[in-house]
2 protein chains.
Amino acid sequence: MTDHFNVAIDCIIFGFDHLEEKLKLLLIKRDFQPGKGSWSLMTGFLKAEESFDEAADRILAFQTGLSNIYLEQLHAYSGKSPHPNTKSIAVAYYALINIHEHKNLSTKHSAKWFELDTRPKLIFDHDEMVAKAILRLRRRTITRPIGFRLLPKKFTMRQLLRLYEEIWGQNFDRRNFSKKVNTLGIIIKLDEKDRNSSKKGSYLFKFNKEKFIEMEKSGFTFISKKKPA
Amino acid sequence: MTDHFNVAIDCIIFGFDHLEEKLKLLLIKRDFQPGKGSWSLMTGFLKAEESFDEAADRILAFQTGLSNIYLEQLHAYSGKSPHPNTKSIAVAYYALINIHEHKNLSTKHSAKWFELDTRPKLIFDHDEMVAKAILRLRRRTITRPIGFRLLPKKFTMRQLLRLYEEIWGQNFDRRNFSKKVNTLGIIIKLDEKDRNSSKKGSYLFKFNKEKFIEMEKSGFTFISKKKPA
DNA sequence: GCAAAAGTGTTACCCTTACACCCATGA
DNA sequence: TCATGGGTGTAAGGGTAACACTTTTGC
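These figures come from a predicted structure and were not determined experimentally.

With that settled, the discussion passes to the packing of helix α3 (residues 157-168) of chain B against helix α4 (residues 174-184) of chain B. Residues and elements named next belong to chain B. Look at α3 against α4: their axes get within 10 Å of each other, and the N-to-C directions meet at 105 degrees. If you check the angle between α3 and α4, you find them roughly perpendicular. Judged by residue contacts, Met157, Leu160, Leu161 and Tyr164 of α3 engage Arg174, Phe177, Ser178, Val181 and Asn182 from α4. In terms of residue class, the contact of α3 with α4 is built from six nonpolar, two polar and one charged.

In structure tokens form, the structure reads like this:
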């Protein structure tokens, strides 16, 4: 009676390289059909007994070896079928990871990190998915301190600032930024200093998870968008 | 090889009754299996040759007779299958319509408008979908003047205010509200007055579509959320 | 000493909020 | 005239944006 479809799960994997201070995207060069030789998102198919979330976890774990990663459903896409003769839909997920804490991934297939503005063209509607994921990521940084998923456990204020600048594609005032973040009470200054980036050395911070959980309930604004010039 | 699923499209249909000043939800009492006798969202199945958006349009048109309705994808749900023996997923859409401009719907099945706080329990995961749709609707009222889809072509400031109060479940200051809306330039005051709601009569407004399109590009804030008391 | 990054402080301005007051009109 | 809803104005407060200045330390 009703038509049946196979359900692809496509994963947009964002990573922040806090040394290069660049937001990156993990893509694979397909060594299988269809679209062999092209770049694409990590992908897999939904199994009958699992939920979307479970499938996204499984696919990400299988392809990168990572578990316990932040994953969020982005959108469901219909239309362009990866296999010409089967009816197919896709559900896109995006994931956030810290690059340097997970160096030994990128194993399966030919996976490679790309900076956003030099990424290759992707197959199917994957470019559309990435564009939507970036917008979602921006929105999330306002409502939630999602950026902490992308940073190492201990980080400097500069790294946090650069992360936000990368996500938004614009610069923020360094002084106002740290003031805002500090008044929110969502990060904790440690006694350690990082001396890699400056001669003076800058304090390391860690994320205040308890404070965040408390604030999340009432809803808050993390960083406001700069006014258009 | 890969498992196959049928794809349900579930429609959350919001309507604003500008006479009763109530936000309502259109639900159907199912006269078919599964879940016969229970209340549920309008639903249908995706066909092989159509997109999600097309399917949502088709299902809404078939069940209500309405076309050209604002529809937006909400979320994709896996798990609870309407038919026990088939693997099924659902993609939820929400629609916005003005109740009194479309009086002759509610025909197919036993459709009925419910106020949000007195709606019946729904089958499957439809309650979860409705909850998410309300949150989405709130967010949209901030970013976009989506509320105008729910009002008649000509409306009073009071009706617009009441609509926002219904969506947010809280009261706004009448004077600040109209000031804010006016400065945005997104509505146009007409020379007509409506005398139904008051003795003095209140001006009718219409939506300034051109201004909106212009503003949409740069991104704007329509109405800000009141601070939690 | 000098350069470079980090830390702290100050001010102006805009937007929101919380109000008060007047107007028009049917009963 | 009075009650009711409608229209307009003003002042205080909070938060952001735009700045300047000092500190630390390797070279």
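This part covers the relation of the copies chain B and chain A. Overlaying chain B with chain A gives an RMSD of 0.0 Å, the required rotation being 180 degrees about an axis along which the chain moves by 0.0 Å. The two molecules are tied by a two-fold rotation axis, judged by turn and shift. Considering only C-alpha atoms, the part of chain B nearest the rotation axis is B:Phe5, at 2.6 Å. A share of 100% of the interface residues of chain B reappears at the interface of chain A, consistent with the copies meeting face to face through the same patch.

Neighbouring residues of DNA strand C: 22 residues in total, closest A:Arg174, A:Arg175, B:Arg175, B:Asn176 and B:Lys199. Sugar and phosphate atoms represent 45% of those atoms of DNA strand C found within 4 Å of the protein. A distance of 2.8 Å separates a base nitrogen of DNA strand C from a polar side-chain atom of B:Asn176. In this structure, a base nitrogen belonging to DNA strand C sits 3.3 Å away from a side-chain N or O atom of B:Lys179. Looking at the surface near DNA strand C, the elements that each hand over two or more residues are α4 (174-184) and β10 (202-207) of chain A together with α4 of chain B. No other element matches the four residues that α4(B) contributes to the surface near DNA strand C.

What counts as what
- Residues numbered from 1 in each chain as written.
- Chains lettered and ligands numbered in written order.
- Predicted model: local features only at pLDDT ≥ 70, side-chain atom pairs only at ≥ 80, totals over all residues.
- Heavy atoms only, no water.
- Axes fitted to C-alpha atoms, helices over the stretch in contact; angles between N-to-C directions.
- Helix = DSSP H or I, 4+ residues; strand = E, 2+ residues; numbered from the N terminus.
- Parallel < 35°, antiparallel > 145°, perpendicular 65-115°, else oblique.
- Contact = heavy atoms within 4.5 Å.
- Nonpolar A, V, L, I, M, F, W, Y, C, P; charged D, E, K, R; others polar.
- Least-squares fit on C-alpha atoms with pLDDT ≥ 70 in both.
- Near = heavy atom within 4 Å.
- Polar contact = N/O pair within 3.5 Å; in protein donor to acceptor, adjacent residues only side chain to side chain.

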